[in-house]
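These are the residues of each chain, in order.
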2 protein chains.
Amino acid sequence: MVKEKLINKKEAILRIDPNTLDTLLHPTLDKKVEKKIIAKGLPASPGAASGKVVFTAEEAERLKSVMQNTILVRVETSPEDIHGMHAAKGILTARGGMTSHAAVVARGMGRPCVSGSAEIIIDYSNKEFKAGNITVKEGDTITIDGGSGEIILGTVATVQPKISGYFSTIMNWSNEFKKLKIRTNAETKKDSRVAREFGAEGIGLCRTEHMFFDQERILYVREMILSKTKEDRNRALVKLLPHQKNDFKEIFKVMYGFPVTIRLLDPPLHEFLPKTQKEIDEVATFLKINSKEVKDRTDELHEQNPMLGHRGCRLGISFPEIYEMQCEAIFEALVECKKEKIKSVTAEIMIPLVSTDIELKILRNLVNKIADKIQKKYQTKIDYMVGTMIELPRAALQAKEISKYANFFSFGTNDLTQTTFGISRDDSGKFLNDYINNKIFQIDPFVSLDQSGVGELIQIASSRGRQANKKLKLGICGEHGGDPRSIDFCSKLGLDYVSCSPFRVPVARLSAAQAELKSKIKIP
Amino acid sequence: MVKEKLINKKEAILRIDPNTLDTLLHPTLDKKVEKKIIAKGLPASPGAASGKVVFTAEEAERLKSVMQNTILVRVETSPEDIHGMHAAKGILTARGGMTSHAAVVARGMGRPCVSGSAEIIIDYSNKEFKAGNITVKEGDTITIDGGSGEIILGTVATVQPKISGYFSTIMNWSNEFKKLKIRTNAETKKDSRVAREFGAEGIGLCRTEHMFFDQERILYVREMILSKTKEDRNRALVKLLPHQKNDFKEIFKVMYGFPVTIRLLDPPLHEFLPKTQKEIDEVATFLKINSKEVKDRTDELHEQNPMLGHRGCRLGISFPEIYEMQCEAIFEALVECKKEKIKSVTAEIMIPLVSTDIELKILRNLVNKIADKIQKKYQTKIDYMVGTMIELPRAALQAKEISKYANFFSFGTNDLTQTTFGISRDDSGKFLNDYINNKIFQIDPFVSLDQSGVGELIQIASSRGRQANKKLKLGICGEHGGDPRSIDFCSKLGLDYVSCSPFRVPVARLSAAQAELKSKIKIP
């Protein structure tokens, strides 16, 4: 239509629903490969995915923690399954249409989903489902194609999408108009590459703890956590250092020329603790202590409300050696990239869960100390910044004081939503439906930003922060970074960037362009 | 000195440290009774208390839940023990001076404490302590006298303090100057009476869930929680109604002429769930279902972060019949008191954990509906108000909208501190010492109100709320209501009242008078 001069570029940009881009962005099945279709359902969220069948969100999470791909199979999903939907590669339901919970949430997450497949009969207690005369057990591998609704036995090779034709035209036009930078949330070489291909202009959130779940490393991590003395902890950290350094190096190589925001260790330590007896025994053998000791220490570290517990920068204050190791890994990786003549990235080191300026002051000093050490060691200059996540109401209110020690703020809107509402995302499933039905929530605040409450805190933090520190860079890195309505809000507020998952980058680019264009429409 | 005209009344009021009043306010040992002193320690926090010896905070809490008095015995205490110190009647430590953690915290709480008794040797693993040649086992009863430092075997009768002489002079003068009303947090006839004797002008927080732990009722409560249908739930609620009604009636009789703020059910349901196998079996027998079913339902109700879970008004939205029963009990109690010609109280019905105006709108309608029903039934008018706790950052920010449906706001500063900082009080022990040592916190924000963060939210809520609703009554009901610095802050903000535990009422009266006097001191 633009070519035919029926509408102009701006009108074209404004006419497209950003969420529909999703269909063009996901891996599809390789057409050259033969496949055994066992059933069909509704093509509820585009993309193809293969993985082991699991019947509970918990099992999907457990297998994710050991780096295994899963397909979550449920009669239908509810908000309680969300963490499992995040963890799984794809979702398959026996009931529910194109607007069922599974379908809506999967599309929002960019997860392939086949919904309402009446051809499958799920038997939770025997952990299996039947499709005609075929029985699929938990742990068997299947493939789902969210574009066609096909359910296929075994793994089918997939083809990665390529940006081309109209799609890339729209993307290029988006870049002409948008002001917001679009970054991505990524911890692996692979995700970083996908995001860059989709036009990401850097990484907005690299969650270092996600690098710790690898089979090879988890034992060192557990050794670190169970340490009772600084000496023991350092022994474990020394073993982790080369792994972390390589992780960063790989990401830096893909993201050359762009900024990369790295969040230092954030989650409660006990997430990394051994849970099953088998894991406990394994750690005991590795550490040459007895299982009871491991169990006792694990119990000791248990928390009532881990979301509000010993996590984030509180770990950095209690165990500075952990953050020191992480900074050393980051800076060593930067130096090695420089030696290999790779176009440099700016490392933006992010301190999580700050609620006072003093926490940031102390940890900024720690980062600077390590940077000085490495700069001296290699006689070179390192390009880095120190900033913080604003994810607690108090941090938003104290933005003026905190910004004195920050080069950037990144709004962690997931946690900020949890604390502002006093609602744990993991537990909200028990009452979220009642809240939607009673019209208390128009939309799940973890899906689209609550502009009047959480939004006011972001607005307060932005204006107080920038008033005290003119050069302060502002961005958001929660799941909201990929939601068009939330992006519009961030654009209006004058943030510098949003960060979202790799497959949401094009959605975010278009949304950012729309936000900018809409802001200029004059109401007569 | 005032009598001798050396100073005037105002100077006298300003010269007294409110915290020292505590020494005059606690039960003392009956001097006529013989006692067997087995050891001595430091008189760290005044008052005498008897109870069963326990060695862990958990055990103190468990016994409290079955209405048993305990003395918590520890080598020394740490912030992790706070919940146990709240639960116990008294605290005894083997190590630590007058400014040790146990001593400072116990004085703040108004709990008797004997600290640093080098004469006792604690053996945690055998659950006993030795004092000379006497061995005291877990479960044995001892008495401690925090005024003298004596540790006594068995129960010794105590004498309740009486306000008289200089003490009551100072209290009367305080009343002349103070503007803030002083209320109390109480759920029993006994606590209400003590508070009234100390000068409390009403109840600021009556936690209805505290009435549910009684041995007789817990089974009905468990029946209610485990119900899968509304019908089953109603059957259990009908049994609870007369108990709740009587609780309220007893309190109203003591508090005649004053307002009584009643908070509808607040805590996560699973706090009431059976935990041990014995409890599970007991419930199963009572409900005539099998133990596995009880266990499964219990597991189903488990939450990751109960503090941010299905609690407060979220329960009222999901299960309106629970709040309906509670309102019925309150209004029936009011009507019966009226019939018995007892000077009326104003029932202030408080909806907890609100984060949006719509929650309050829905639940206000529910309260009004029940009030109408009872008023019609007895052809009488009931004196009541509906208000809400402001204990979530979002509620503070949305005060303008929420105040449209509220006659009063009560700041729940415990929870507001938890969500504003993102710190669970129960879990803060793991890092609080690191935070104090690093001067990140000057003082534990759960002990004295964080004026710059939490305080700003209170200030925002107060001004927005009063702007939209001129008649809005404002008070605070967290533990901070008994802390002099926090009271000074509330006074400056122009709140109407503070509410604190019964034994802190005199401290609060004096603090409120000082706050008023200080505000008028002209700085030349």
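Residues numbered from 1 in each chain as written. Chains lettered and ligands numbered in written order. Predicted model: local features only at pLDDT ≥ 70, side-chain atom pairs only at ≥ 80, totals over all residues. Heavy atoms only, no water.

Brief notes about the interface of chain A and chain B
At step 1: Listed as interface residues are 47 residues of chain A and, on the opposing side, 47 residues of chain B.
At step 2: Interface of chain A and chain B: buried area, both sides summed, is about 4,200 Å²; carbon and sulfur atoms make up 56% of it.
At step 3: Connecting chain A to chain B are 4 salt bridges.
At step 4: A salt bridge links R464(A) to E456(B); the shortest N-O distance between them is 2.6 Å.
At step 5: Our enumeration of links across chain A and chain B arrives at 24 residue pairs in polar contact (both at pLDDT 80 or more).
At step 6: Looking at the side of chain A that touches chain B residue by residue, the classes come out as 18 nonpolar, 16 polar and 13 charged. (Contact = heavy atoms within 4.5 Å. Buried area = accessible area lost by both parts, 1.4 Å probe. Salt bridge = Lys/Arg side-chain N within 4 Å of Asp/Glu carboxyl O. Polar contact = N/O pair within 3.5 Å; in protein donor to acceptor, adjacent residues only side chain to side chain. Nonpolar A, V, L, I, M, F, W, Y, C, P; charged D, E, K, R; others polar.)

Regarding the environment of S424(A)
At step 1: Locating S424(A) in the fold gives a position in the loop between α16 (413-421) and α17 (429-437).
At step 2: With a relative accessible area of 0%, S424(A) lands in the buried category.
At step 3: S424(A) sits 374 residues away from S50(A) along the chain, and the two C-alpha atoms are 30 Å apart.
At step 4: Sequence-distant contacts of S424(A), defined by excluding residues within four places in its chain, comprise Q418(A), N305(B) and L308(B).
At step 5: A polar side-chain atom of S424(A) sits 2.9 Å from a polar atom in the side chain of D427(A). (Helix = DSSP H or I, 4+ residues; strand = E, 2+ residues; numbered from the N terminus. Buried < 20%, exposed > 50% of the residue type's maximum accessible area, 1.4 Å probe, protein only.)

Thoughts on the packing of aromatic side chains
All names here are of chain A.
At step 1: Enumeration over the complete set of coordinates arrives at 16 aromatic pairs over all chains.
At step 2: Ring geometry for F248 against F252: centres 6.2 Å apart, planes inclined by 15°, an arrangement best described as stacked. Taken together, the positions of F248 and F252, both in helix α8 (residues 230-254) and 4 residues apart, correspond to about one turn of that helix. For the residue pair F248 and F252, the accessibility class agrees, reading buried in each case.
At step 3: When the centroid spacing of 5.2 Å and the interplanar angle of 55° are considered together, the rings of Y435 and F441 count as tilted.
At step 4: Here a set of aromatic residues connected by ring pairs shows up, and it is made of F421, F431, Y435 and F441.
At step 5: The ring of Y256 is capped by R196, whose NZ or CZ atom sits 4.0 Å from the centre of that ring. (Phe/Tyr/Trp six-rings, centres within 6.5 Å; stacked < 30°, edge-to-face > 60°. Lys NZ or Arg CZ within 6 Å of the ring centre and 35° of its normal.)

Focus: the packing of α8(A) against helix α12 (residues 320-339) of chain A
All names here are of chain A.
At step 1: Close contact between α8 and α12 brings their axes to 8 Å; oriented N to C, the two are set at 35°. Considering only the axes of α8 and α12, their crossing is right-handed. Of α12, the residues touching α8 (which contributes K230, R233, N234, L237, L240, L241, Q244, K245, F248, K249, F252 and K253) are E321, I322, M325, Q326, E328, A329, I330, E332, A333, L334, E336 and C337.
At step 2: Its residues assigned to classes, the contact of α8 with α12 shows 12 nonpolar, 3 polar and 9 charged. (Axes fitted to C-alpha atoms, helices over the stretch in contact; angles between N-to-C directions. Left-handed = near helix turned anticlockwise from the far one by under 90°.)

Remarks on the relation of the copies chain A and chain B
At step 1: If you rotate chain A by 180° and push it 0.0 Å along the axis, it lands on chain B with an RMSD of 0.1 Å. Read as a symmetry element, the transformation amounts to a two-fold axis.
At step 2: Of all interface residues in chain A, 100% are interface residues in chain B too; the two copies therefore contact each other through one and the same surface. (Least-squares fit on C-alpha atoms with pLDDT ≥ 70 in both.)

A word on the sheet that holds strand β10 (residues 134-137) of chain A
Residue and element names in this part refer to chain A.
At step 1: With respect to topology, 3 strands assemble into an open sheet ordered β8-β9-β10, the strand pairing being antiparallel. The open sheet has two edge strands with one neighbour each: β8 (120-123) and β10. Sheet twist, expressed as the average angle between the axes of neighbouring strands with direction ignored, equals 20°.
At step 2: Relative to β10, strand β9 (residues 128-131) runs antiparallel, the two sharing 4 bridges. Across the sheet, the residue bridging to E128 is K137, located in β10. (Pairing = 2+ DSSP bridges.)

Details of the sheet that holds strand β3 (residues 42-45) of chain B
Residues and elements named next belong to chain B.
At step 1: Strands sit in the order β2-β12-β11-β4-β5-β6-β7-β3 across an open sheet of 8 strands; the sheet is mixed. Two strands close off the open sheet at either side, each with one partner strand: β2 (36-40) and β3. Pairwise comparison of adjacent strand axes, ignoring direction, gives a mean angle of 35° for this sheet.
At step 2: One ladder, built from 4 bridges, connects strand β5 (residues 70-74) with strand β6 (residues 90-93); its direction is parallel. Bridged to V73 within β6 is L92.

Notes on the confidence of the model for chain A
At step 1: Per-residue confidence for chain A gives a mean pLDDT of 91, with 98% of residues at or over 70.
At step 2: Across the predicted assembly, pTM comes out at 0.86 and ipTM at 0.85. (pLDDT = per-residue confidence, 0-100.)

Description of the pattern of salt bridges
Residue and element names in this part refer to chain A.
At step 1: One pass over the full model with this rule turns up 75 salt bridges over all chains.
At step 2: Between R235 and D232 there is a salt bridge, with its nearest N and O atoms 2.3 Å apart. Of this pair, R235 and D232 both sit in helix α8, separated by 3 residues, roughly a single helical turn.
At step 3: Residue classification places D232 among the partly exposed residues on the basis of a relative accessible area of 30%.
At step 4: We note a salt bridge from E340 to K249, for which the minimum N-O separation is 2.7 Å. Of this pair, E340 sits in the loop between α12 and β17 (346-351) while K249 sits in helix α8; the two residues are 91 residues apart in sequence, bridging distant segments of the chain.
At step 5: On the accessibility criterion, E340 (39% relative accessible area) is partly exposed.

Some details on the side chain of E59(B)
Residue and element names in this part refer to chain B.
At step 1: As for its placement among the helices and strands, E59 is situated in helix α2 (residues 57-65).
At step 2: Overall, the relative accessible area of 19% leaves E59 in the buried class.
At step 3: Apart from the residues within four sequence positions on either side, E59 is in contact with V54 and E138.

A look at the environment of L360(A)
Residues and elements named next belong to chain A.
At step 1: Among the structural elements, L360 can be located in helix α13 (residues 357-378).
At step 2: Using a relative accessible area of 0% as the deciding quantity, one classes L360 as buried.
At step 3: For the pair L360 and A406, spaced 46 residues apart in sequence, the C-alpha separation works out to 7.8 Å.

A short note on the nonpolar core
At step 1: Residues F252(A), I330(A), F331(A), F252(B), I330(B) and F331(B) are the most contacted members of the largest nonpolar core, which totals 235 residues.
At step 2: Those residues in contact with I330(B) that lie beyond four places of it in its chain are F248(B), F252(B), I262(B), L264(B), A347(B) and I349(B).
At step 3: Formed by 20 residues, the second largest nonpolar core is a distinct cluster that contains V53(A), I71(A), V75(A) and I120(A). (Core = buried A, V, L, I, M, F, W, Y, C linked by side-chain atoms within 4.5 Å.)

Section: α12(A)
All names here are of chain A.
At step 1: Over its 20 residues, α12 extends 29 Å from the first C-alpha to the last, a length consistent with the 28 Å expected when each residue adds 1.5 Å.
At step 2: Most of α12 is tucked away: 15 of the 20 residues are buried.
At step 3: Downstream of α12 by one or two residues, K341 has phi in the positive range, about 60°. (Expected span 1.5 Å × (residues − 1).)

Focus on the pairing of strand β16 (residues 259-263) of chain A
Residues and elements named next belong to chain A.
At step 1: Where burial is concerned, most of β16 is hidden: 5 out of the 5 residues are buried.
At step 2: Judged by which residues are buried, β16 turns out to be covered on both faces: P259, T261 and R263 on one side and V260 and I262 on the other are all buried.
At step 3: As paired strands, strand β15 (residues 203-207) and β16 are joined by 3 bridges and run parallel to one another. Residue pairing for β16: I203 is matched across the bridge by V260.
At step 4: Sheet topology note: the β16/β17 ladder contains 5 bridges and is parallel. Bridge assignment links I262 to a residue of β17, and that residue is I349.

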